[in-house]
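# Geometric and topological summary
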Amino acid sequence: MYPFTQGSFAVRNGWYVAAFARDVTRDLLARTILGQPVVLYRKQDGTAVAVGGRCPHRHYPLGESCLKGDSIECGYHGIAFGPDGQCTKVPSQAHVPRSYRIPTYPLVEHGIWMFIWMGEPDRADPALLPDLAEIGADGGGMILRPFYSEHVKGRYQLLNDNLLDLTHLAYLHASSIGTEDNASVPEELTREPGVLRSRRHIRDAAPPPVVRTFHGEDIERIDRVVGMDFYLPGFHAGIGDMAVSRSNPVRGGEQLNRSRVYHAVTPETPTSCHYFFAMAAEDEAGLDRMDAYLRPVIAEDKFATEEIEKMLAIVGENPEELLLRSDRNAVEGRRMLQQMMDAERAPA
Amino acid sequence: MYPFTQGSFAVRNGWYVAAFARDVTRDLLARTILGQPVVLYRKQDGTAVAVGGRCPHRHYPLGESCLKGDSIECGYHGIAFGPDGQCTKVPSQAHVPRSYRIPTYPLVEHGIWMFIWMGEPDRADPALLPDLAEIGADGGGMILRPFYSEHVKGRYQLLNDNLLDLTHLAYLHASSIGTEDNASVPEELTREPGVLRSRRHIRDAAPPPVVRTFHGEDIERIDRVVGMDFYLPGFHAGIGDMAVSRSNPVRGGEQLNRSRVYHAVTPETPTSCHYFFAMAAEDEAGLDRMDAYLRPVIAEDKFATEEIEKMLAIVGENPEELLLRSDRNAVEGRRMLQQMMDAERAPA
Amino acid sequence: MYPFTQGSFAVRNGWYVAAFARDVTRDLLARTILGQPVVLYRKQDGTAVAVGGRCPHRHYPLGESCLKGDSIECGYHGIAFGPDGQCTKVPSQAHVPRSYRIPTYPLVEHGIWMFIWMGEPDRADPALLPDLAEIGADGGGMILRPFYSEHVKGRYQLLNDNLLDLTHLAYLHASSIGTEDNASVPEELTREPGVLRSRRHIRDAAPPPVVRTFHGEDIERIDRVVGMDFYLPGFHAGIGDMAVSRSNPVRGGEQLNRSRVYHAVTPETPTSCHYFFAMAAEDEAGLDRMDAYLRPVIAEDKFATEEIEKMLAIVGENPEELLLRSDRNAVEGRRMLQQMMDAERAPA
């Protein structure tokens, strides 16, 4: 399906964010991920687990059920399943065969995220998770905070495309974070196994509208590093450092902002996805400010994604597409994902 | 379609409840039954009839039309059809050929129900209707009352499955009518032509929460007969007699409750159905009480049905299904329906 | 698709009303027409244009974008397109190849309407537009006024059928404009290239309920000319002149009402359309009166159309259809449209 080959939906063997860690509790959290119903919860010892969300008896949603100890008791006929997927109780029969079970999914609490692996369980290698130190999410001087969880009625790749092409900042987000520099300054791309990095070094440029509000009206020019690292298949870690431009005689070189943004995009159905946005910054006040400030920005990205999904419903799955020079990063990201999907379908 | 073979939707040659008798009046009542639009109304002499709900001229819904005498006058161009389906007027032409007509469906007012036959009309034998005396609905000492008509966004068989497996009472209805006895006491099944009977004799058991409220806190143990008779293809008559357990020194053997429940399940579309719930009890006060008391119970069954339909939309039409010993009745019910459907499709 | 042959949706080479002229302004107006997203706007010199509504880069709706001068700047990445469809700016690159473009559609401001041509542009001949003098919309003594724009969740041909068979007036609009004369008086049909005309000369007939209200309770009989001219593929110009019947000794022959109605029906998707209703009358007061008076009438037509579309969703695309003598006009209209569609699909 667009923008992939027919029959390609999503990479299965990869870590996706299933939820923010704080949202997985002793209350069952139901979510469809890669077309599969999943329930997330914490055991009594605090460990988080992910199991299939459908009772195999009559397909009642286990997310509408009860947690009893570490087991889910189906809300329909009381059949219970442990966190290992094993059936632990059938009220109407004394003997419970070992074959009665629900799927379980590898789930790793990693930073502020719960990463799930929907593919072959024995390939779920934690070494494939984004490195927390590398993405500035290891707590070293920066405070990490989950911001928003969004359900988006658009296919996940539209959001990946969005994040892989920051030339949209000046237009979709014109009223807030956008300046035209992202579109006019060429980006440097680096491809590593499973990671695609983009950087723009912007020198002596006009600041985004918000910078003066927060840091002083005397800032006329800034230096910026804008970057986004795509950890395939669905995690983007962004860098947005700013300093007062050297051309400023008084404050030249002063660091204004050091922050990290984290966008996680997780396929739900072929035409919808989950979107998790988080940040790291040096102080709580800065995070509070960004939380309020970025809410409309994320809403704009969600809006664009949903509008494009509606457009695809009108014009069909294979719209002619104009590729620009600025699409290099998005095209490379799509190509890497397509390769991973092709490899999954290839006979072993 | 699930849980039947591909292409099997529903038995056509069988009586289904189309409405409660009281709801068929001189106002046109439109309903889709087994995928066919139907309109129900009473003639001036009080007889109820069922005709096709689509004007054959321009497909306008006859349910949005007017009753003139015993004929429906289409609300669009004024073409009229009598209760025998025959066209009686075409405003723009003097001559009305005999071939202008709409379908009619055999309709029988039987107890408090209107039973319709959507299949071959000459096979519509009233002897195939549930026997009113047998189901305690002949007025012999019991008062019959229609309770609720529900439109359910789930396939009819999910409700049949629900009614054929009362082990769900303890879980889906835990807060009201449920006790674990239905799950733990084995049922006795009897198969007769067109009827499938289930009985549980529960001795010296804790009463459902509601019993003490209604009959006294001194009732610690009761004896119960719980049963459900499935009159195929879509009518279930239930028995729920209770007496104070013989172990009670003061009130032992005292009859607490004699009531009948009637569940009618009628396919609308492949993924939706009509659900009619009624009761018989010995006094009006008891019926009033049950009316209020059972409303959330039926809502829970509707909820479960709709949630499972949503789950099937996610996981597809052929989910793997775990069959338990307690499913004997449901499996037998499905098998009987499948046989009827197969017979309808077999060449004569 | 019903009522046309399988695969036939709509005539492409023909003028359709895209909007009332007054609604095309310097604000972008987005609309789907014949399954294609379109944006309408006026250039700075006042000329109206129609261009494709999808940015070819990432399929963002150009209707959710900004007009900058005479160009649309896509709200997502800032790519701009002129009114000739040519890309005028790509923020991330200096050179813009000539091949970057969006479709444009011939658009003609004609009377109070904007007519669009969605088919082959070189066949868009303004001579094929309805002649304004012929339809009484050239301002010669009559005042033209757009009344309502409706989005209708039903296929366009249901509305065409409605307008080609005025025998529905007496029934669907019984409480307002209807009398039974339209059904009982035969119509005269005239077929010209691209136009299908229907006329009924009704003599000495009871007036529609509204006539007495507006013109006096002493009017017992009237003479009427009722007509509708279908300018294929989607424009209907109606005539509804009335005079007091010659049988009235006092007011006999007095002209009561001279007005024209204009119904434009434009396919949106296979199961939805746009509907534009306008009138011409001799004075503003008459138009005010009709605006209020006809609102429920048009709502009834919309209701019937949407109800029939729902019925088709239940009974499928090939319902058996009863054809009456009064359907001659509708059948001829369908046949002419089918011929045009067949010709478009024929190899050149």
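Remember, predicted model here, so these are calculated numbers, not experimental data. (Residues numbered from 1 in each chain as written. Chains lettered and ligands numbered in written order. Predicted model: local features only at pLDDT ≥ 70, side-chain atom pairs only at ≥ 80, totals over all residues. Heavy atoms only, no water.)

## A word on the domain arrangement of chain A
All names here are of chain A. What the domain assignment lists for chain A is domain 1 (15–123) and domain 2 (130–345). Averaged C-alpha coordinates put domain 1 and domain 2 at centres separated by 33 Å. In this complex, domain 1 contributes 18 residues to the contact, which on the side of domain 2 involves 23 residues. Counting the surface lost from both domain 1 and domain 2, the interface buries some 1700 Å², and carbon and sulfur atoms represent 72% of this. Sorting the residues of domain 1 by area buried against domain 2 places Tyr 16, Phe 20 and Trp 113 first, and these three jointly supply 34% of that buried surface. (Domains from an automatic or database assignment. Contact = heavy atoms within 4.5 Å. Buried area = accessible area lost by both parts, 1.4 Å probe.)

## Focus: the relation of the copies chain A and chain B
What relates the pair of chain copies is a rotation about an axis plus a shift along that axis. For these two chains of identical sequence, chain A goes onto chain B by a turn of 120° and a shift of 0.1 Å along the axis, with RMSD 0.0 Å. Taken together, the rotation and translation describe the operation of a three-fold axis. Taking C-alpha positions as reference, the residue of chain A nearest the rotation axis is Ala313(A), located at 11 Å. (Least-squares fit on C-alpha atoms with pLDDT ≥ 70 in both.)

## Topic: helix 1 (residues 156–163) of chain B
Among the 8 residues that make up helix 1 of chain B, 8 are buried, leaving the element largely enclosed by the rest of the structure. Taken as a whole, helix 1 of chain B has its buried residues at Tyr156(B), Gln157(B), Leu158(B), Leu159(B), Asn160(B), Asp161(B), Asn162(B) and Leu163(B). (Buried < 20%, exposed > 50% of the residue type's maximum accessible area, 1.4 Å probe, protein only. Helix = DSSP H or I, 4+ residues; strand = E, 2+ residues; numbered from the N terminus.)

## Considering the interface of chain C and chain A
Counting residues at the interface gives 26 residues for chain C and 30 residues for chain A. The junction of chain C with chain A conceals about 2400 Å² of combined surface from both sides, 60% of it contributed by carbon and sulfur atoms. The three residues of chain C that bury the most area against chain A are Arg58(C), His59(C) and Tyr76(C), which together make up 30% of that side's buried surface. Here chain C is connected to chain A by 3 salt bridges. (Salt bridge = Lys/Arg side-chain N within 4 Å of Asp/Glu carboxyl O.)

## Thoughts on the side chain of Glu268(C)
Residue and element names in this part refer to chain C. In this fold, Glu 268 is placed in strand 18 (residues 259–269). Within the buried set, Glu 268 has no salt-bridge partner at all; the shortest N-O distance to an opposite charge, 7.2 Å, is to Arg 31. Within the structure, the side chain of Glu 268 is placed 2.7 Å from the side chain of His 151, a separation counted as a polar contact. Glu 268 has contacts with Phe 9, Thr 32, Ile 33, Leu 34, Gly 35, His 151, Cys 273 and His 274, leaving out every residue within four places of it along the chain. (Lys, Arg positive; Asp, Glu negative; His and termini not counted. Polar contact = N/O pair within 3.5 Å; in protein donor to acceptor, adjacent residues only side chain to side chain.)

## Here's the deal with the side chain of Arg260(A)
All names here are of chain A. Tracing the chain through its elements places Arg 260 in strand 18 (residues 259–269). Here the side chain of Arg 260 touches Asp 241 through a polar contact of 3.3 Å, side chain to side chain. When neighbours within four sequence positions are excluded, Arg 260 is seen to be in contact with Ile 135, Met 142, Gly 238, Ile 239, Asp 241, Ala 278, Met 279 and Ala 280.

## Quick notes on the UniProt feature "domain: Rieske" (unreviewed entry) in chain A
As recorded in UniProt, the feature "domain: Rieske" (unreviewed entry) lies at residues 15–116 of chain A. For the annotated span residues 15–116 of chain A, helix accounts for 0% and strand for 43% of the residues, and the straight-line distance between the end C-alpha atoms is 5 Å. (UniProt positions renumbered as here; feature names shortened; annotations may be inferred.)

## A few points about the sheet that holds strand 5 (residues 66–68) of chain C
Residue and element names in this part refer to chain C. Across the sheet, 4 strands lie side by side as 5-6-7-8; this open sheet has antiparallel pairing. Edge positions in the sheet fall to strand 5 and strand 8 (87–89), since each has one partner strand and no second. Bridge count for strand 5 against strand 6 (residues 71–73) is 3 bridges, and the pairing is antiparallel. Within the sheet, the bridge partner assigned to Leu 67 lies in strand 6 and is Ile 72. (Pairing = 2+ DSSP bridges.)

## As for helix 5 (residues 284–315) of chain B
Residues and elements named next belong to chain B. The terminal C-alpha atoms of helix 5 lie 45 Å apart, and with 32 residues this matches the ideal 46 Å at 1.5 Å per residue to within 8%. The largest bend along helix 5 measures about 40° and falls at Leu 294, with the proline Pro 296 one to four residues further on. Gly 316 sits one or two residues past helix 5 and shows a positive phi near 95°. (Expected span 1.5 Å × (residues − 1). Bend = angle between axes of the 7 residues up to and from the residue.)

## Quick notes on the confidence of the model for chain A
Close reading of the predicted structure is inappropriate where its pLDDT is low. The share of residues in chain A with pLDDT of 70 or more is 98%, and the mean pLDDT across the chain is 93. Two summary scores accompany this predicted model of the complex, namely pTM at 0.94 and ipTM at 0.93. (pLDDT = per-residue confidence, 0-100.)

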